[in-house]
Amino acid sequence: MNLHLALLIAYSVALVAIGLSIARLVKGSADFFVAGRSLTAPLLFATVLASNIGAGATIGATGRGYFDGISAWWWNGSSAIGSIFLAFFIGPRIWRVAKTHNLFTTGDFLELRYSPLVRGLVTLLIWLGTLSIFAGQLIAGAAVLSVVAGVPRWEGTIISAIVVTITFMAGGLLGTVWVNVVQLSVLAAGFAVAVPTVLAKAGGLQGIAQAQVPATFLDIFHSGGPLSGWSLLVFVPAFIISPGLMQKAYGAASDRAVRVGIGVQAAALAIFAFVPALLGMAARATHPGLTDPNIVLPTLLVEQLPPWFGALALAAIFSAEVSACDAIIFMLATSLSQDLYKRFLQPEADDREVLLIARLASLAGGAGAVVLALLLETVQSALAIFYALLGVSLLVPVVAGLYLTRAGVREALASIAAGNITLLVVRFALPASLSWIDPTIAGLLASAAGFAVAYATRLVRLKADTTEVGSVRL
């Protein structure tokens with residue numbers, strides 16, 4: 001057994017042990033879903049940052065850095081931009097609502113603000129999208145195991161799923177937060193070692209520029225980059241209204257903890273965004289000819305770093321994948337148990353039963369993600385499905401629900417229907433001559449338009465009713 005594999009096995013066992021040890025502190029669904037609303041700003045910082053630095057932020061962004069250069073910064077930079085909105089405009093406001101009405105999930109908020117129908121519809125859509133992003137994390141874990149030990153993709157996918165599912169099932173959000181602290185420490189140490197070592201072997205930025213790379217490699221605003229211009233609309237919304245992130249905000253001890261914890265996390269994420277971009281650029285200079293973006297980062301760490309340093313860096317990548325999975329399973333478990341089972345199937349279910357269903361939902365989500373991971377090719381393809389469904393289904397109803405008091409069920413349903421129908425039409429039914437239209441951006445614009453039309457109709461009707469009442473009084 002090589003050193004890299006031995007350390008990954010030991011590290012995985014340690015994560016599972018931590019999750020199981022914290023399980024005894026989970027006394028009910030409030031601890032499992034919102035950590036007893038006790039998260040301080042530092043804990044919130046750690047758990048949100050660990051969730052945002054996942055497979056896409058590491059393996060996916062490094063793969064993009066390999067092909068597009070420093071403009072791959074926007075992959076994680078968009079997460080940081082979305083986090084700013086969550087920290088200051090969405091998170092504190094929705095925390096106050098959740099605290100006042102004892103809400104556990106995004107679905108709880110949607111029902112409170114709109115109706116059970118809106119809650120159920122969005123929950124089903126998000127569940128489908130969440131499975132895809134879970135699959136993306138498992139693809140990344142399988143890529144690490146493939147490079148390190150030659151493990152077949154299907155075996156690596158199953159091993160990754162077992163580790164992350166057991167870790168979350170035991171302690172829910174309460175356990176996840178403390179596991180995330182460990183994961184974030186390992187991740188920081190791993191990349192602190194990897195970046196300067198790898199860059200030095202590539203000859204620094206000067207060496208990268210002199211290698212056989214495109215002329216735009218050092219242009220952060222390169223229009224051909226993965227996230228330029230309008231494409232930011234595809235990614236930023238997911239980090240504003242992702243249920244996995246918003247529900248972590250529910251667990252904060254105060255609205256100030258939301259602002260400080262998530263706000264500082266946004267700054268840290270913006271700095272971290274340079275790391276995978278630089279690693280990808282260094283890999284292009286030292287390992288030209290790679291064609292699979294999934295293996296760029298694992299290959300770089302195994303071949304460019306001394307064994308112990310490489311093992312630590314690979315543990316950091318595995319940490320990123322597992323920590324992001326925590327947030328994803330969190331979405332799956334809470335939506336199925338609280339938003340579907342307790343709300344529609346078994347309203348009389350007691351706290352212990354809901355907690356059991358949440359844990360079983362974690363297991364089901366892990367199994368479903370394994371199947372999907374074996375069908376999808378890359379991390380990016382898996383994440384694209386999630387970002388699309390999340391944005392067009394949730395962004396407008398949640399933001400408008402917090403700020404427009406007169407908006408109701410019709411507006412929410414119009415927004416969801418217009419967004420998702422447009423997404424499907426643009427993705428699957430448009431002629432090739434219109435292939436330049438991005439399905440997610442079109443869906444977001446249609447979602448906003450559907451809501452706006454329904455809301456304007458409501459205002460016109462209210463004005464007409466007021467005029468009619470006034471004329472009668474005269």
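Higher on the page you've got the structure.
Residues numbered from 1 in each chain as written. Predicted model: local features only at pLDDT ≥ 70, side-chain atom pairs only at ≥ 80, totals over all residues. Heavy atoms only, no water.

1. Considerations on the environment of P298
Link 1 in the chain: You can see P298 is positioned in helix α15 (residues 296-304).
Link 2 in the chain: Given a relative accessible area of 1%, P298 falls into the buried group.
Link 3 in the chain: The spacing of P298 and L314 is 16 residues in sequence and 7.0 Å in space, taken between C-alpha atoms.
Link 4 in the chain: The contacts of P298, once residues within four sequence positions are left out, are I59, A143, V144, V147 and L314. (Helix = DSSP H or I, 4+ residues; strand = E, 2+ residues; numbered from the N terminus. Buried < 20%, exposed > 50% of the residue type's maximum accessible area, 1.4 Å probe, protein only. Contact = heavy atoms within 4.5 Å.)

2. Focus on the packing of helix α5 (residues 73-101) against helix α13 (residues 255-272)
Link 1 in the chain: Viewed as axis vectors pointing N to C, α5 and α13 meet at an angle of 175°, and their least axial separation amounts to 8 Å. Here α5 is positioned roughly antiparallel relative to α13, judged by the angle of their axes.
Link 2 in the chain: Broken down by class, the residue content of the contact of α5 with α13 amounts to 14 nonpolar, six polar and three charged. (Axes fitted to C-alpha atoms, helices over the stretch in contact; angles between N-to-C directions. Parallel < 35°, antiparallel > 145°, perpendicular 65-115°, else oblique. Nonpolar A, V, L, I, M, F, W, Y, C, P; charged D, E, K, R; others polar.)

3. Focus on the environment of I357
Link 1 in the chain: For I357, the position within the fold is in helix α17 (residues 351-375).
Link 2 in the chain: Residue classification places I357 among the buried residues on the basis of a relative accessible area of 17%.

4. Topic: the pattern of salt bridges
Link 1 in the chain: As enumerated under the stated definition, the model contains eight salt bridges in all.
Link 2 in the chain: For R96, the salt bridge goes to D255, with nearest N and O atoms at 3.0 Å. With a gap of 159 residues between them, R96 in helix α5 and D255 in helix α13 connect regions that are remote in the sequence.
Link 3 in the chain: With a shortest N-O distance of 2.5 Å, E411 and R458 are connected by a salt bridge. Taken together, the residues E411 in helix α19 (residues 409-428) and R458 in helix α20 (residues 439-473) connect sequence positions 47 residues apart.
Link 4 in the chain: Through salt bridges that share partners, D108, E111, R119, D339 and R343 make up one connected network. (Salt bridge = Lys/Arg side-chain N within 4 Å of Asp/Glu carboxyl O.)

5. Observations regarding the side chain of S415
Link 1 in the chain: Turning to its location among the elements, S415 is positioned in helix α19.
Link 2 in the chain: Those residues within four positions of S415 in sequence are excluded, and the remaining contacts are V392, V396, P397, S447, G450 and F451.

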